[in-house]
Amino acid sequence: MTDEPVIRRLERALADDDFSWSLLLVGEDQTDKLATLTGELRGGYSETGDGKQISSGFSYWGIGPTIAWAHACSDPFYLVMKAGSESFQRHWAKIKPHLDGVHLVSLGVGNGQKDRTILADLHRTRPDMFYLPVDMSSEMLRLGVMEPVRGIPFPMAQVLPIQLDFSLASNLDELRQMLNRLIGDEPLLYTLTGNTLANFESDQDALATITRALRPQDRLLLEVATTTRIDEEAAAEAADEYHRTRAFAEFVTSALRYNTDLRIDYDRVKFRGFIEDDDALLVKIMYENDTDDEIRMGLPDHTELVLPIGDTIRLLTTRKFSAGRLQRLLAGCELTLIESAHSQFRHTRRPTPFGLDLLLLAPKGAQGTRRTVADEMWDRR
């Protein structure tokens, strides 16, 4: 046997094969995740989506939801996704001059298109960089990892997909320790794009959990959907954005379809907008029993769930953030803004308060931060 490292031998073996091999580092017991999902579906009665639920991450967990997500991403009527795809390269062009010599840790890989843009630029300046996509769904990792390295001479030995639920603080601690052993003191760029922060029940807790992984030399790239108005009309408009596409409805119900025996009726998928804490628009997407009888469905553990009349299952939560909400989040997590890029939605003839922001953040007190950029960001609102 040669003394060559096994990862190098694997790289050469996989490169010489026409089969689409990919490596995967599994960080969690998947039976535990199934038990968690089953427990969440047994929540209490609620007419507002605050009882039974499918929490962030489980919406994309499994091959069925992964395929449904891929279909939704390609639907031109999914306006938030469409706007994000169209604006990202322009936003990234403003961000990338502030980054040099980093490794990429992608939290929630998605369809991989944004990672492809980032990876292509970062790899030019640092050919030995690592690409470390992290997702709760191994199927999403398989889907998302192939796109960023397609057409780029990026060694597969430097691609390490990690199956992990990064919403859990204990998992982030383990991830940080592993990355410290792998990378040492070299800087990391963590990315959370696609308005993923908005999907968590508590955006503050989710951002604080991610922030605990950051060292002074690390950076966080955060993409969020934004609004310049907080009122009931804007909340209804935010909900309507997601209601326009059948592909998105198929995606948000896919976790129910593939983890229960419920026969989906899309007329029972409700999209409702609310004002949250006077500084954000909250959209809840729910499956509601609006019939005259209870609904019964089988769960993965072979027990039965009863959905009484008026009860709901929360399928997805999303938000649009005001500048004030973003200020509060960054201050609460002791994050400083280095650079930002913003664009308004332009998909309607009438003015819209909605847009997208891409923020490059650093831990408070890190070298190279510029308060003036943050001031400009809030002043333009």
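Keep in mind it's a predicted model, so treat the numbers as computed, not measured.

**Here's the deal with the overall build of the protein chain**
On a plain count of helices and strands, the protein chain comes out with 13 helices and 14 strands. Taking 21 Å as the expected radius of gyration for a compact globule of 381 residues, we find that the protein chain reaches 21 Å, a close match to that expectation. A principal-axis box enclosing the C-alpha atoms of the protein chain has dimensions of 70 × 55 × 35 Å. Out of the 381 residues belonging to the protein chain, those deemed buried represent 55%. Expressed as a percentage of contacts within the protein chain between residues at least 6 apart in sequence, the contacts between residues at least 24 apart total 76%. Total accessible area on the protein chain is roughly 17,000 Å²; 49% of this is exposed by carbon and sulfur atoms. The protein chain carries 44 positive and 59 negative side-chain charges, and their two centres are separated by 5 Å.

**Some details on the packing of aromatic side chains**
All chains considered together, the criterion is met by 7 aromatic pairs. Judged by centre distance (5.6 Å) and plane angle (85°), the ring pair of Phe-58 and Trp-61 falls under edge-to-face. In this structure, Phe-58 and Trp-61 share a single accessibility class: buried. Relative to Phe-251, the ring of Trp-69 has its centre 5.1 Å away and its plane inclined at 55°; by these criteria the two rings are tilted. A residue pair is termed long-range when its members are at least 10 positions apart, and Trp-69 in helix 3 (residues 63-73) and Phe-251 in helix 10 (residues 246-252) qualify at 182 residues. One aromatic cluster is present, formed by Tyr-60, Trp-69, Tyr-242, Phe-248 and Phe-251 through successive ring pairs. Above the ring of Tyr-266, the side-chain terminus of Arg-246 is found at 3.9 Å from the ring centroid. Note that Lys-320 overlies the ring of Phe-354, its terminal NZ or CZ placed 4.6 Å from the centroid.

What counts, and at which threshold
Residues numbered from 1 in each chain as written. Predicted model: local features only at pLDDT ≥ 70, side-chain atom pairs only at ≥ 80, totals over all residues. Heavy atoms only, no water. Helix = DSSP H or I, 4+ residues; strand = E, 2+ residues; numbered from the N terminus. Rg over C-alpha atoms; globule rule 2.2 N^0.38 Å. Buried < 20%, exposed > 50% of the residue type's maximum accessible area, 1.4 Å probe, protein only. Contact = heavy atoms within 4.5 Å. Areas by Shrake-Rupley, 256 points an atom, 1.4 Å probe, with all protein chains shown as cover. Lys, Arg positive; Asp, Glu negative; His and termini not counted. Charge placed at Lys NZ, Arg CZ, Asp CG, Glu CD. Phe/Tyr/Trp six-rings, centres within 6.5 Å; stacked < 30°, edge-to-face > 60°. Lys NZ or Arg CZ within 6 Å of the ring centre and 35° of its normal.

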